[in-house]
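For reference, the chains in residue letters:
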Amino acid sequence: MTNQQYAGRDLSVLWHPCTQMKDHESFPIIPIKSGQGVWLVDFDGNRYLDAISSWWVNLFGHANPTINAALKDQLDNLEHVIFAGFSHEPAIKLAEQLVNITPEGLSRVFYAEIGSAAVEVALKMSFHYWRNLGKARKTKFITLENSYHGETLGALAVGNVSLYKETYEPLLMETISVPGPDCYNREAGESWSEYSARRFALMESALQRHADEVCAVIVEPLVQCAGGMRMYDPIYLQLLRKACDRYGVHLIADEIAVGFGRTGTMFACEQAEIRPDFMCLSKGLTGGYLPLSAVLTTDKLYQSFYDEYQTLKSFLHSHSYTGNALACRAALATLGIFQHNDVINQNRRLAARMAKLSERFNSHPNVAEVRQCGMIVAIELVKNKQTREPYPWQERRGLLVYHYALSKGVLLRPLGNVVYFMPPYVINEDELQLMVDVAWNGIQYAVQD
Ligand code: PMP
C-alpha cells in the first residue's frame, strides 16, 4: 500500500480533528506507517521529524523501548478493569508516584481519560465542594483571556480562544473572563515580571467583585499553549495563589500541556513555588502512548465529599475507561524514565541549545518576537515588525510554513502565525539543527508575497 492508496481510503470514511476536510482536496493526508524516536515514517518511505511531539504528548520518542516493554508485560496480565469497586497495581503505584512528585499537599488522585475530561472533573469537584459547604451561590469560574482548556462543553466554556469557542457560544456556561498576563503585550523596556505583576490588578478586581459567586480560577501555568504559545512570568501565579486564598476561591492549574518537564521544571507551578487546589495532568503523562488524565487535589477537598451514602455527597463522574491499566502502566514507565535519567537537567542543556539556535529568528524582518519557556520556543510572525501588525488570518501564512516543512521532512504545525518548537526530549543536535533550519527556510517561503 502507498500513501495515496491509504489517503484515498481515509478520506472516504474519516473525519479528522481540527481540520477543514476540504483542504485535503489540495493537500494529501499523510498516513504514517511507523515511528522511531523523533521520526515518523509514511507509506512511501518519507520521514518527518516530529517537532511538535504529536500535539505535545510525546516525551521520549516514538516506539520507546522502555515503554514498549512495560506495555507488553502489562498486556499479558491485565488490560482493563472497571474502576468502581475494583483497583489494580499500576493505578495505585501511579497515584502514589504522582502524589510524590507534584507540589506537597496534593494527596488525592482522580483519573479520567483525556485532558478535557480532567478539566471537567476539576470544575465539577470545585463547584461540588462549595455546595458541600453550603455555599450554593458559587457557580462561576474565572478564566484568562486567550486561554485553552479543551473542547468538551465545560472545558470550552472556561477557554477563550475564539477560533474554537465562538460557534458553540450559545451552548456554553457563562464564565468571567479576565485580561491575562501574556508578556507579548508588555511595553518596551518593561520586564516580564513587571508586566505580569501589573496585569494582576485586573484579576484582583475581578476576584474582589465576584468572589462570592466564583468557585475557582483556572489557568494554564506559564504558557498559554493553544493560544499561540503566549508566555508569562511566575510572579502572576504567586499573586494569584495568595489572592485565591484571600477571597476563598480555588485555583485550578491546567498542566495538561506544560506538565512533565516542558517548561524546564517537572511542573510549571514549581517555578512559582505554589500548590494549586487542583492540578490537571494528561498528554505527557503516558509519554504520548495512551489517553489518560489525572486530577490531583487536597485532603481537605476530598474530606468534604467523605460522608454517609445517604448524604449524597459522592462525586459522580464516571468514564468507562477510568484508570485504564495499560495507560497507567505506560505512565509508570514514563515516570521511570524521569527517575532513572537526569531528564530535567538534560533538558536544561537542550533548552539552551534551542535558545542558541533560535537566536537568528530575532533579526528576521517578519518576526516580532522569539520567546522561550524551557523546552518550548515560539516565533511570532507578523506583517510589520515595527507596528507588530499581524498577517491577516485568511492568508494562512503558518500553513505555508507547515507545508514547506513537511516537504523537507519536518513536522511543524504552527498555531496561526506562530511557529513553534516543542520536540520530544530525545532529539539530538543534528535533529535540532535540521528543525531550526527548515523552520527558517519555511518562514522565508511563507512571508514572500
Ligand atoms: N488543557 C490544555 C492546556 C491543553 O493544551 C489541552 C490540549 N491541547 C487540553 C486541556 C485538552 O486535552 P485533550 O485534547 O486531551 O482533551
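For the structure itself, consult the block above.
Quick caveat: nothing in here was measured; it's all calculated off a predicted structure. (Residues numbered from 1 in each chain as written. Predicted model: local features only at pLDDT ≥ 70, side-chain atom pairs only at ≥ 80, totals over all residues. Heavy atoms only, no water.)

1. Re the pattern of salt bridges
Part 1 of the reasoning: In total, this model carries 21 salt bridges according to the counting rule given.
Part 2 of the reasoning: Notably, a salt bridge pairs R246 with E204, separated by 2.9 Å at the nearest N-O pair. On the criterion of sequence distance, the pair formed by R246 in helix α9 (residues 235-247) and E204 in helix α8 (residues 192-210) is long-range, its members being 42 residues apart.
Part 3 of the reasoning: For R246, a relative accessible area of 54% translates into the label exposed.
Part 4 of the reasoning: With its nearest N and O atoms 2.6 Å apart, the salt bridge here joins R371 to E380. (Salt bridge = Lys/Arg side-chain N within 4 Å of Asp/Glu carboxyl O. Helix = DSSP H or I, 4+ residues; strand = E, 2+ residues; numbered from the N terminus. Buried < 20%, exposed > 50% of the residue type's maximum accessible area, 1.4 Å probe, protein only.)

2. Here's the deal with the packing of α8 against α9
Any two packed helices are characterised by the angle at which their axes cross and by the distance between the axes.
Part 1 of the reasoning: Packing of α8 against α9 leaves a shortest axis separation of 9 Å and a crossing angle of 20°. The angle between α8 and α9 places the two elements in the roughly parallel class. When the axes of α8 and α9 are compared, the crossing they make is right-handed. Along its contact with α8, which presents S193, S196, A197, R199, F200, M203, E204, L207 and Q208, the element α9 presents I235, Y236, L239, L240, A243, R246 and Y247.
Part 2 of the reasoning: Broken down by class, the residue content of the contact of α8 with α9 amounts to ten nonpolar, three polar and three charged. (Axes fitted to C-alpha atoms, helices over the stretch in contact; angles between N-to-C directions. Parallel < 35°, antiparallel > 145°, perpendicular 65-115°, else oblique. Left-handed = near helix turned anticlockwise from the far one by under 90°. Contact = heavy atoms within 4.5 Å. Nonpolar A, V, L, I, M, F, W, Y, C, P; charged D, E, K, R; others polar.)

3. Topic: the site of the ligand
Part 1 of the reasoning: In the region of the ligand, the neighbouring residues are W56, I114, G115, S116, Y148, H149, G150, E220, D254, I256, A257 and K283.
Part 2 of the reasoning: The contact in question runs from an oxygen atom of the ligand to an N or O atom on the backbone of G115, over 2.9 Å.
Part 3 of the reasoning: A total of 390 Å² of accessible area belongs to the ligand in isolation, and the protein chains cover 83% of it.
Part 4 of the reasoning: In terms of residue class, the shell around the ligand is built from five nonpolar, four polar and three charged. (Near = heavy atom within 4 Å. Polar contact = N/O pair within 3.5 Å; in protein donor to acceptor, adjacent residues only side chain to side chain. Areas by Shrake-Rupley, 256 points an atom, 1.4 Å probe, with all protein chains shown as cover.)

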